[in-house]
Amino acid sequence: MKKIKGVLNKDDIEIIRKKMAQLKPGILPLPIFLEVSRLCVLSTIEIVPIRLEKNNSLQVLLIKRKKDDSNWPDMFHAPGTVVRETDREGNFKDAIKRILTDELKNVKIEIGPIFVKPVFRNLGRGKEMTLMHWAIAKGSCPLGKYFNIDSLPGNVIKKQVKDIKMAVSHFKANYLKNKI
């Protein structure tokens with residue numbers, strides 16, 4: 001049997017195809033999700049929650065990942081989610097709702113989410129096309145912590161720092177100056 005791309009032959013591919021055909025759309029088992037992430041570009045949504053302090057300093061809410069996280073153990077990140085095949089078409093309301101309920105729990109969003117721009121990047125588990133947003137937030141979050149934008153923690157996902165700062169710059173230019 002002829003090898004395809006030097007690794008799999010047609011029989012191997014058929015076995016994998018049949019097994020994958022048994023999976024239901026939605027959340028994949030983590031080992032399979034990680035391999036799909038490595039091989040394909042994921043679509044994701046991120047929201048940078050921003051809080052304006054009384055002294056006019058800006059803080060962002062970052063969520064801490066679990067200690068046993070497969071990609072970013074014990075690291076802070078901007079809240080986000082992968083767009084799922086089970087999300088309704090036409091908008092990203094289902095993905096945004098997951099972020100608000102699963103990660104931001106008690107946080108009240110006063111304005112937003114406001115779209116910033118798409119970002120094509122690789123954070124380490126594979127490439128993704130992320131639709132970046134910001135929102136004005138109030139209240140504490142049991143999964144995260146607010147940080148001054150000029151002093152983010154050392155254990156933030158490094159490749160997200162530029163995107164977090166980009167969202168804050170968009171907030172400054174479009175809300176603080178123009179009051180969207």
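All residue numbers refer to positions counted from 1 along the written sequence of the respective chain. Restriction of local features to residues with pLDDT of at least 70 applies here, the model being predicted, together with a cutoff of 80 or more for giving and counting side-chain atom pairs; totals for whole chains, interfaces and linings are based on all residues. Each side-chain value is derived from all of the structure's non-hydrogen atoms; neither hydrogens nor water enter the calculation.

(A) Looking closely at the overall build of the protein chain. Comment: elements are numbered from the N terminus, with helices defined as DSSP H or I runs of at least four residues and strands as E runs of at least two. For the protein chain, the helix and strand inventory stands at four helices and nine strands. When the helices and strands of the protein chain are listed from N to C terminus, the series reads β-β-α-α-β-β-β-β-α-β-β-β-α. Here the C-alpha coordinates of the protein chain stretch approximately 70 × 35 × 25 Å along the principal axes. Within the protein chain, buried positions represent 38% of all 180 residues. We call a residue buried when its accessible area falls under 20% of the maximum for its residue type, exposed when it is over 50%, and partly exposed in between, using a 1.4 Å probe and counting protein chains only.

(B) Spotlight on the packing of aromatic side chains. Aromatic pairs are defined between Phe, Tyr and Trp rings, using the six-membered ring for Trp, whenever the two ring centres lie within 6.5 Å; interplanar angles under 30 degrees are classed as stacked, those over 60 as edge-to-face, and all others as tilted. Evaluation of the coordinates by the stated rule reveals four aromatic pairs. Relative to Phe147, the ring of Phe76 lies with its centre 4.9 Å away and its plane at 75 degrees, an arrangement referred to as edge-to-face. Taken together, the residues Phe76 in strand E5 (residues 76-77) and Phe147 in strand E9 (residues 144-148) connect sequence positions 71 residues apart. Classification of Phe147 by relative accessible area gives buried; the value is 10%. A centroid spacing of 5.0 Å and a plane angle of 80 degrees characterise the contact between Trp134 and Phe171, whose relative ring orientation is edge-to-face. With Trp134 in strand E8 (residues 127-138) and Phe171 in helix H4 (residues 158-176), this pair connects stretches of sequence that are 37 residues apart.

(C) The arrangement of the pairing of strand E3 (residues 42-52) in detail. Among the 11 residues in E3, eight count as buried, and that is most of the element. Taken together, the nine bridges between E3 and E8 define a ladder with parallel strand orientation. Paired with Ile47 across the bridge in E8 is His133. Direction of pairing for E3 relative to strand E4 (residues 58-64): antiparallel, over a ladder of three bridges. Bridge pairing links Leu52 to Leu58 in E4. For two strands to pair, DSSP has to find at least two bridges joining them. Here E3 folds back onto E4 in antiparallel fashion, the turn holding five residues, of which Asn56 has a positive phi close to 70 degrees.

(D) View of the nonpolar core. Take the buried Ala, Val, Leu, Ile, Met, Phe, Trp, Tyr and Cys residues and link them wherever side-chain atoms come within 4.5 Å; each set so joined is a nonpolar core. Counting 24 residues, the largest nonpolar core has Val48, Ile50, Val60, Leu62, Trp134 and Ile164 as the members making the most contacts within it. Elements supplying a minimum of two residues to this core: E3, E4, strand E7 (108-122), E8 and H4. When residues in this core are grouped by element, the largest group, seven residues, is from H4. Ile47, Ile63, Leu131 and Ala135 belong to the second largest nonpolar core, which has 14 residues in total.

(E) Molecular detail of the side chain of Thr130. Mapped onto the elements, Thr130 comes out in strand E8. At 3.4 Å, the side chain of Thr130 and the side chain of Arg121 are in polar contact. Under the rule applied, a polar contact is a pair of N or O atoms within 3.5 Å (in protein, one hydrogen donor and one hydrogen acceptor; residues adjacent in sequence only if both atoms are side-chain atoms). A polar contact of 2.9 Å, which involves the side chain of Thr130, links it to the side chain of Glu128. By definition, residues are in contact when any of their heavy atoms lie within 4.5 Å. Look past the residues within four positions of Thr130 in its chain and what remains in contact with it is Thr44, Glu46, Lys117, Pro118, Val119 and Arg121.

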